[in-house]
Amino acid sequence: MENIPLTKAHENKLAEYGLENVPLQSCGCLRFVPGENVCQEGVSMPWILIVISGSAKVCRTTPDGKSLILCYYISSGLIGDIELMMRQKNATTTVKAITDLDCIAVNYSTCADELAVNLRFLNFLGGELAAKLSKSSDNYTLSALCSGEHRLCAYILQNSHKNVFSDILTDVSASVGMSYRHLFRILGKLCRDGILEKRESGYYILNNIELKRRSSF
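Since we're looking at a predicted model, the values are computed, not measured. (Residues numbered from 1 in each chain as written. Predicted model: local features only at pLDDT ≥ 70, side-chain atom pairs only at ≥ 80, totals over all residues. Heavy atoms only, no water.)

Caption draft 1: Representation of the overall build of the protein chain in the model. Per the secondary structure count, the protein chain includes 8 helices and 12 strands. Counting over 217 residues, the protein chain shows a buried share of 41%. When contacts within the protein chain are restricted to residue pairs at least 6 apart in sequence, long-range pairs at least 24 apart make up 72% of them. (Helix = DSSP H or I, 4+ residues; strand = E, 2+ residues; numbered from the N terminus. Buried < 20%, exposed > 50% of the residue type's maximum accessible area, 1.4 Å probe, protein only. Contact = heavy atoms within 4.5 Å.)

Structure below.
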């Protein structure tokens, strides 16, 4: 993690969230490199983060140590909003940078009073939480009602970047609720059907329209 100077653009971003009155000495700009933890499940999180640029993934760890990916390619919005509203000092999930990730960090302890009464910020916060609830409902519906192929196709659509799906397959199998062997069989079928193509960088999406059709429910 690297501290970089706050600029006028960062101040403008704070103003977008209604935080133009927070003391700048209580804020900072943090840069995380690919693979670095932005926050770690169960570990103290002293700030709420506003994402400026880059992307990250969100995951939780199951009791047997498997990593369950909840969301890929966060590239905007807030990190730490759930913890703030639940008044939890420790992170509820692990967020890991995929690319260089720049965030404005707003310190909880020195800005708590402002965050608690700032109506404009709280409206943004409510919108973020509503979007996450909707996403969670969609994921639950997929896992409860849809076939393995449906779940995997939807997951690939959500988590591909520039038409390339390059996720770690053991993590994928845990996230979509199927065995690694069954996952590999479905990927093979999608390749044979001309929807995906296995490349060195991962699986390239050849037919977005058919992939979307197979992911619908």
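Caption draft 2: Local environment of the pattern of salt bridges. Taken as a whole, this structure holds 10 salt bridges when the rule is applied. Where R60 meets E41, a salt bridge forms, and the shortest distance between an N and an O atom there is 3.8 Å. Separated by 19 residues along the polypeptide, R60 in strand β5 (residues 56–61) and E41 in the loop between β3 (37–39) and β4 (47–53) bring together distant segments of the chain. Among the residues examined, R60 registers a relative accessible area of 40% and is labelled partly exposed. Salt bridges here are not isolated pairs; linked through shared partners, they connect E149, K189, D193, E210, R213 and R214. (Salt bridge = Lys/Arg side-chain N within 4 Å of Asp/Glu carboxyl O.)

Caption draft 3: Representation of the sheet that holds strand β2 (residues 27–32). Across the sheet, which stays open at both edges, the 5 strands sit in the order β1-β2-β9-β4-β7 with antiparallel pairing between neighbours. Both edges of this open sheet fall to β1 (2–4) and β7 (78–79), since each of them pairs with a single strand only. Judged from the 6 bridges that link them, β4 and strand β9 (residues 101–107) form a sheet pairing that is antiparallel. For I50, the partnering residue across the bridge sits in β9 and is I104. Strands β2, β4 and β9 of the sheet are contacted by helix α1 (residues 8–16), whose axis makes an angle of about 120° with β4. Across the sheet, helix α3 (residues 108–117) touches β4 and β9, and the angle it forms with β9 is around 75°. (Pairing = 2+ DSSP bridges. Axes fitted to C-alpha atoms, helices over the stretch in contact; angles between N-to-C directions.)

Caption draft 4: Spatial organisation of the packing of aromatic side chains. According to the stated counting rule, one finds 3 aromatic pairs in the structure shown. A centroid spacing of 6.1 Å and a plane angle of 90° characterise the contact between Y155 and F165, whose relative ring orientation is edge-to-face. Residue Y155 is found in helix α5 (residues 148–159), and its partner F165 is found in strand β10 (residues 164–165); the two are separated by 10 residues along the sequence. Neither Y155 nor F165 differs from the other in exposure class; each is buried. (Phe/Tyr/Trp six-rings, centres within 6.5 Å; stacked < 30°, edge-to-face > 60°.)

Caption draft 5: Layout of the environment of I195. With respect to the helices and strands, the residue I195 is situated in the loop between α7 (180–192) and β11 (196–199). Sequence-wise, I195 and L206 are 11 residues apart; in three dimensions their C-alpha atoms are separated by 5.1 Å. Discounting chain neighbours no more than four positions away, the residues touching I195 are L190, Y204, I205, L206, N207, E210, L211 and R214.

As far as function goes, none of this settles anything; it's purely spatial.
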